[in-house]
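The primary structure of each chain is shown beneath.
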Amino acid sequence: MSLRINSEAPNFTAEMTQGVIDFHEWIGDGWVILFSHPKDFTPVCTTELGYMAGLQPEFDKRHCKIIGLSVDPVGNHARWAKDIEETQGHAVNYPMIGDPELKVAKLYDLLPAEVGNTSEGRTAADNATVRAVFIIGPDKKIKAMLTYPMDQRAKL
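Residues numbered from 1 in each chain as written. Predicted model: local features only at pLDDT ≥ 70, side-chain atom pairs only at ≥ 80, totals over all residues. Heavy atoms only, no water.

### Some details on the environment of Ala 81
Phase 1: Along the chain, Ala 81 turns up in helix H3 (residues 74–88).
Phase 2: Taking relative accessible area as the criterion, Ala 81 reaches 17% and is therefore assigned buried.
Phase 3: When the C-alpha positions of Ala 81 and Phe 41 are compared, they lie 9.2 Å apart, and in sequence the two are 40 residues distant.
Phase 4: Among all residues touching Ala 81, those that are not within four sequence positions of it are Val 92 and Met 96. (Helix = DSSP H or I, 4+ residues; strand = E, 2+ residues; numbered from the N terminus. Buried < 20%, exposed > 50% of the residue type's maximum accessible area, 1.4 Å probe, protein only. Contact = heavy atoms within 4.5 Å.)

### So, the packing of helix H2 (residues 43–61) against H3
Phase 1: Relative orientation of the contacting elements H2 and H3 amounts to 80°, with a least axis distance of 9 Å. The angle between H2 and H3 places the two elements in the roughly perpendicular class. On the side of H2, the interface is formed by Cys 45, Thr 46, Thr 47, Leu 49 and Gly 50, while H3 contributes Trp 80, Asp 83, Ile 84, Thr 87 and Gln 88.
Phase 2: Here the residues of the contact of H2 with H3 sort into four nonpolar, five polar and one charged. (Axes fitted to C-alpha atoms, helices over the stretch in contact; angles between N-to-C directions. Parallel < 35°, antiparallel > 145°, perpendicular 65-115°, else oblique. Nonpolar A, V, L, I, M, F, W, Y, C, P; charged D, E, K, R; others polar.)

### Thoughts on the packing of aromatic side chains
Phase 1: Enumeration over the complete set of coordinates arrives at five aromatic pairs.
Phase 2: Ring centres of Phe 12 and Phe 23 lie 4.7 Å apart, and the angle between their planes is 15°; this geometry places the pair in the stacked category. Taken as a pair, Phe 12 in the segment before strand S1 (13–16) and Phe 23 in helix H1 (residues 23–27) lie far apart in primary sequence, eleven residues in all.
Phase 3: What makes Phe 23 buried here is its relative accessible area of 0%.
Phase 4: An aromatic cluster is present here, built from Phe 12, Phe 23, Trp 26, Tyr 108 and Phe 134 joined pairwise through their rings. (Phe/Tyr/Trp six-rings, centres within 6.5 Å; stacked < 30°, edge-to-face > 60°.)

### Details of the environment of Glu 120
Phase 1: The residue Glu 120 is located in the loop between helix H4 (103–107) and strand S6 (132–136) in this model.
Phase 2: In this structure, the C-alpha to C-alpha distance between Glu 120 and Pro 100, residues 20 residues apart in sequence, is 7.3 Å.

### A closer look at the pattern of salt bridges
Phase 1: Applying the stated criterion across every chain yields a total of four salt bridges.
Phase 2: A salt bridge links Arg 62 to Glu 58; the nearest nitrogen and oxygen atoms lie 2.9 Å apart.
Phase 3: What makes Glu 58 partly exposed here is its relative accessible area of 34%.
Phase 4: Its salt-bridge partner being Glu 101, residue Lys 103 comes within 3.0 Å of it at the nearest N-O pair.
Phase 5: With a relative accessible area of 57%, Lys 103 lands in the exposed category.
Phase 6: Taking the relative accessible area as the measure of exposure, Glu 101 reaches 44% and is therefore partly exposed. (Salt bridge = Lys/Arg side-chain N within 4 Å of Asp/Glu carboxyl O.)

Structure (structure tokens):
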């Protein structure tokens, strides 16, 4: 089943930097921006997460939670968060989901089922399709989706 606008955002349970999450429960009655990245410590992903960390107070004012997803394990995310703060000047205070078994990425149609069940040994290029933003409403339905290429210079 492919995801569409007004589809219910798939629920999942996963480890994140702030504990274990039941996604729908975590959403509560507010808005959420779920954004995904193909690999920890990549330059573009690092700048994007730092930029979101800088914008977090504005999202908080609007009762909108932000949460990141990368297929790497949570232990990598903790080290990456330190790198983001050092290089981008903003602390990542929002949760980042670890998806080393690729379950969430597949659930959100970011990777095909046949890619295997581990992030181990995968490169950012292998995970190129794990670059998306989902805006999810209080009703747990997808309100907007954006996918974009790894190379922002891609020819149209």
